[in-house]
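A closer look at the structure
Chain by chain, the residues run as shown.
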Amino acid sequence: MPRVSEEHLERRRQQILDAARLCFARTGFHDTSMQDIFAESGLSAGAVYRYFKSKDDIIAALATKTMVEVRAIMIEAIHNDPLPTPAQIVTLLAENIVARSGPDGPIRLAPQAWALALVEPEAAGYVKEAILAMRNVWHEYAEKMRDIGWLPEDADTHAVAVAIIGLLPGFILQHLIIGDPSPETLALGVRTLLPYGENVAHPVVT
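Residues numbered from 1 in each chain as written. Predicted model: local features only at pLDDT ≥ 70, side-chain atom pairs only at ≥ 80, totals over all residues. Heavy atoms only, no water.

**Some thoughts on the layout of surface pockets**
Condition: Buriedness for pockets is judged along seven lines, at least five of which must meet protein on both sides within 12 Å for an open set on the 1 Å grid over protein atoms alone, while cavities are sets there where a 1.4 Å probe fits but cannot get out, and lining residues have an atom within 4 Å of a point. Grid points are joined across faces, edges and corners, and a volume is the space filled by probe spheres set on the points. Numbered from the N terminus, helices here are DSSP runs of H or I no shorter than four residues, and strands are runs of E no shorter than two.
Volume-wise, the largest pocket comes out at about 260 Å³. Taken together, 14 residues line the largest pocket, and the ones lying closest to its centre are Met-67, Trp-114, Ala-130, Ile-131 and Pro-169. Contributions of two or more residues to the lining of the largest pocket are made by α4 (55–78), α6 (109–117), α7 (121–147) and α9 (167–178). The leading source of residues in the lining of the largest pocket is α7, at 5 residues.

**A word on the side chain of Thr-64**
Defined as follows: When checking whether two residues touch, look at their non-hydrogen atoms; a contact exists if any pair is within 4.5 Å.
Note on placement: Thr-64 falls in helix α4. Ignoring any residue separated from it by four or fewer positions in sequence, one finds Thr-64 in contact with Tyr-126, Val-127 and Ala-130.

**Some thoughts on empty space enclosed by the protein**
Quick reminder of the rule: Nonpolar residues are Ala, Val, Leu, Ile, Met, Phe, Trp, Tyr, Cys and Pro. Charged residues are Asp, Glu, Lys and Arg, and all others, Gly as well, are polar.
Tallied over the full model, the rule gives 1 cavity of 30 Å³ or more. Of the pockets and cavities examined, the largest cavity occupies roughly 60 Å³. In terms of lining, the largest cavity is formed by Arg-21, Phe-24, Ala-25, Phe-29, Leu-62, Asp-104, Gly-105, Pro-106 and Leu-109. A per-element tally of the lining of the largest cavity places helix α1 (residues 2–27) first, with 3 residues. By residue class, the composition of the lining of the largest cavity is 6 nonpolar, 1 polar and 2 charged.

**So, unusual backbone geometry**
With an omega dihedral of 5°, the bond running from Asp-81 to Pro-82 counts as a cis peptide bond. You can see Pro-82 is positioned in the loop between α4 and α5 (86–99). Between Asp-180 and Pro-181 the backbone carries a cis peptide bond, its omega angle lying at 0°. Relative to the assigned elements, Pro-181 resides in the loop between α9 and α10 (183–193).

**A look at the packing of α5 against α9**
Rules: For helices, the axis comes from a line fit to the C-alpha atoms of the stretch in contact; other axes are also lines fit to C-alpha atoms, and the angle between any two N-to-C directions lies between 0 and 180 degrees. Should the near helix be turned anticlockwise from the far one by less than a right angle, the crossing is left-handed, and should it be turned clockwise, the crossing is right-handed.
Running from N to C, α5 and α9 point in directions that differ by 40°, and their axes come no closer than 11 Å. At the point where α5 passes α9, the crossing takes the right-handed sense. Only Leu-167, Leu-168, Phe-171, Ile-172 and His-175 of α9 make contact with α5, whose side of the interface consists of Val-90, Leu-93, Ala-94, Ile-97 and Val-98. Its residues assigned to classes, the contact of α5 with α9 shows 9 nonpolar, 1 polar and no charged.

**As for the environment of Asn-136**
Filter applied, for reference: Partly exposed residues are those whose accessible area sits between 20% and 50% of the maximum for their type, while under 20% is buried and over 50% is exposed, using a 1.4 Å probe and protein chains only.
One can find Asn-136 in helix α7. A relative accessible area of 52% means that Asn-136 is categorised as exposed. In sequence terms Asn-136 and Arg-71 are 65 residues apart; their C-alpha atoms lie 9.9 Å from each other.

**Remarks on a nonpolar patch on the surface**
We apply this condition: Exposure above 30% relative accessible area and no salt bridge define the residues that can form patches, which grow by joining like charges within 9 Å and nonpolar side chains of Val, Leu, Ile, Met, Phe, Trp and Tyr within 5 Å. All accessibility values rest on the Shrake-Rupley procedure with a 1.4 Å probe; residue burial counts only the protein chains present in the view. Counted as salt bridges are all cases of a side-chain nitrogen of Lys or Arg within 4 Å of a carboxyl oxygen of Asp or Glu.
The grouping of Leu-173, Ile-177 and Ile-178 at the surface amounts to a nonpolar patch, some 320 Å² of accessible area in total. Relative accessible area serves as the criterion here: at 59%, Ile-178 is assigned to the exposed category.

Right, here's the structure in full:
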């Protein structure tokens, strides 16, 4: 019985997020009200507020869900054999980010979620969890690079993960605010700074 209840709660939560995404796509984040989300979801105010205290919480949850999907792409990629180079990894992730960063794309929610995390404890929980989970994947990748000789045997792989995770938020901000760079430009920079494995043939990561 508890398992069925949890599945029901997750379906309701997803129903609210799907409705919010439709509303945001139709009228924009700022012009969407909680009443709009109630109507689109077909749920009462009480039912929606059971899951989310505010529109800001919904934005944070949607942004986090998007980053979970990006993380899943990276997890799959780093388990390929041979191991993708850093440039291949960032190209794969940056292309996915660009594809989801259009006028109504969920990637556009990410900077808003980061800002909310500084002032809203519940949003901070969503965002912190997403960042730590992504950093763990970069840590695993750094360990794999060390194991195959791309990094020194005594490399601090945690420090590597802490440093390299900043590539994606930086790319997102530049892409959304400035309008550049492209995934190819990012990859070129990473290939120059982190040329590990570039002197051997690698299959295209898909």
